[in-house]
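Residue-level structural notes
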Amino acid sequence: MAYSKDSEWRNRSTFVKGRSEIKEFLSDKWKRELDYKLEKRYWCHAKNRIAVRFAYEYRNADGEWFRAHGNENWEFDELGYMTRREASINDIPIQESERVIAIDGPPQTKDNPKWT
């Protein structure tokens, strides 16, 4: 696992700490967010910190589609393990026909105004 034993995360309004809580959080997330497709874009870095922008699309169990947009800030220890992750995310309901992140193949979001 890429996270330190005591890594701290904020994802929307959820706070988790430690590898076991992170693993449980991600397992639950991927049970709810189906057909998940993600693109991340590097924003900046300084010392042991990186910031990225991202967009992803998913559907829920009822077949409703969403596009999530956000920013993540990551902090790493001297061994390269992530010690902190802060994610701010907004979900927008979309129709399946409005998806812009490639299901297979190269990204389709470059210069696409729906991405941001």
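Up top is the structure these notes are about.
For clarity, every value in this text was computed on a predicted model and none was experimentally measured. (Residues numbered from 1 in each chain as written. Predicted model: local features only at pLDDT ≥ 70, side-chain atom pairs only at ≥ 80, totals over all residues. Heavy atoms only, no water.)

1. Looking at the overall build of the chain
- For the chain, the count of helices and strands is 1 helix and 6 strands.
- Looking at the chain residue by residue over its 116 residues, the buried ones come to 38%.
- For the chain, the proportion of contacts with a sequence separation of at least 24, taken over those separated by at least 6, is 46%.
- When the accessible area of the chain is evaluated, it comes to approximately 7600 Å², of which 50% is carbon and sulfur surface. (Helix = DSSP H or I, 4+ residues; strand = E, 2+ residues; numbered from the N terminus. Buried < 20%, exposed > 50% of the residue type's maximum accessible area, 1.4 Å probe, protein only. Contact = heavy atoms within 4.5 Å. Areas by Shrake-Rupley, 256 points an atom, 1.4 Å probe, with all protein chains shown as cover.)

2. A few points about the environment of asparagine 71
- Mapping asparagine 71 onto the fold places it in strand β5 (residues 65–76).
- We classify asparagine 71 as partly exposed; its relative accessible area is 35%.
- Ignoring sequence-local partners within four residues, the contact set of asparagine 71 consists of Trp43, Val52, Arg53, Phe54, Glu86, Ala87 and Ser88.

3. Points about the pattern of salt bridges
- Counting across every chain of the model gives 12 salt bridges.
- Glutamate 72 is the partner of arginine 85 in a salt bridge, and the nearest nitrogen-oxygen pair spans 2.8 Å. You can see arginine 85 sitting in strand β6 (residues 82–94) and its partner glutamate 72 sitting in strand β5, a full 13 residues away along the chain. This pair shows no difference in class: arginine 85 is buried, exactly as glutamate 72 is.
- With a shortest N-O distance of 2.7 Å, arginine 84 and glutamate 86 are connected by a salt bridge.
- Through salt bridges that share partners, Glu8, Arg10, Lys17, Arg84 and Glu86 make up one connected network. (Salt bridge = Lys/Arg side-chain N within 4 Å of Asp/Glu carboxyl O.)

4. A short note on the layout of surface pockets
- As a volume, the largest pocket reaches approximately 230 Å³.
- Looking at the largest pocket, it is lined by 17 residues, and the ones nearest its centre are Leu26, Tyr36, Lys40, Glu72 and Arg85.
- Of all the elements in the fold, those that place two or more residues in the lining of the largest pocket are β1 (3–11), α1 (19–32), β3 (34–46), β4 (49–59), β5 and β6.
- If one sorts the elements of the lining of the largest pocket by residue count, α1 sits on top with 4 residues.
- Counted by class, the lining of the largest pocket contains 12 nonpolar, 1 polar and 4 charged residues. (1 Å grid on protein atoms, 1.4 Å probe; cavity = no way out; pocket = protein on both sides within 12 Å on 5 of 7 lines; lining within 4 Å. Points joined across faces, edges and corners; volume = space filled by probe spheres on them. Nonpolar A, V, L, I, M, F, W, Y, C, P; charged D, E, K, R; others polar.)

5. Quick look at the environment of phenylalanine 54
- Within the element layout of this structure, phenylalanine 54 appears in strand β4.
- By relative accessible area, phenylalanine 54 is classed as buried at 2%.
- When the C-alpha atoms of phenylalanine 54 and tryptophan 43 are compared, they prove to be 9.8 Å apart, with 11 residues separating the residues in sequence.

6. Some words on the sheet that holds β6
- Strand order in the open sheet formed by 6 strands is β2-β1-β6-β5-β4-β3, and the pairing between neighbours is mixed. Strand pairing shows two members of the sheet lacking a second neighbour, β2 (14–17) and β3, which therefore form its edges. Along the sheet, successive strands turn relative to each other by an average axial angle of 15°, direction set aside.
- In this structure, β1 lies alongside β2, joined through 4 bridges in antiparallel fashion. The residue bridging arginine 10 from the neighbouring strand is phenylalanine 15, located in β2.
- Across the sheet, α1 touches β1, β2, β3 and β4, and the angle it forms with β1 is around 45°. (Pairing = 2+ DSSP bridges. Axes fitted to C-alpha atoms, helices over the stretch in contact; angles between N-to-C directions.)

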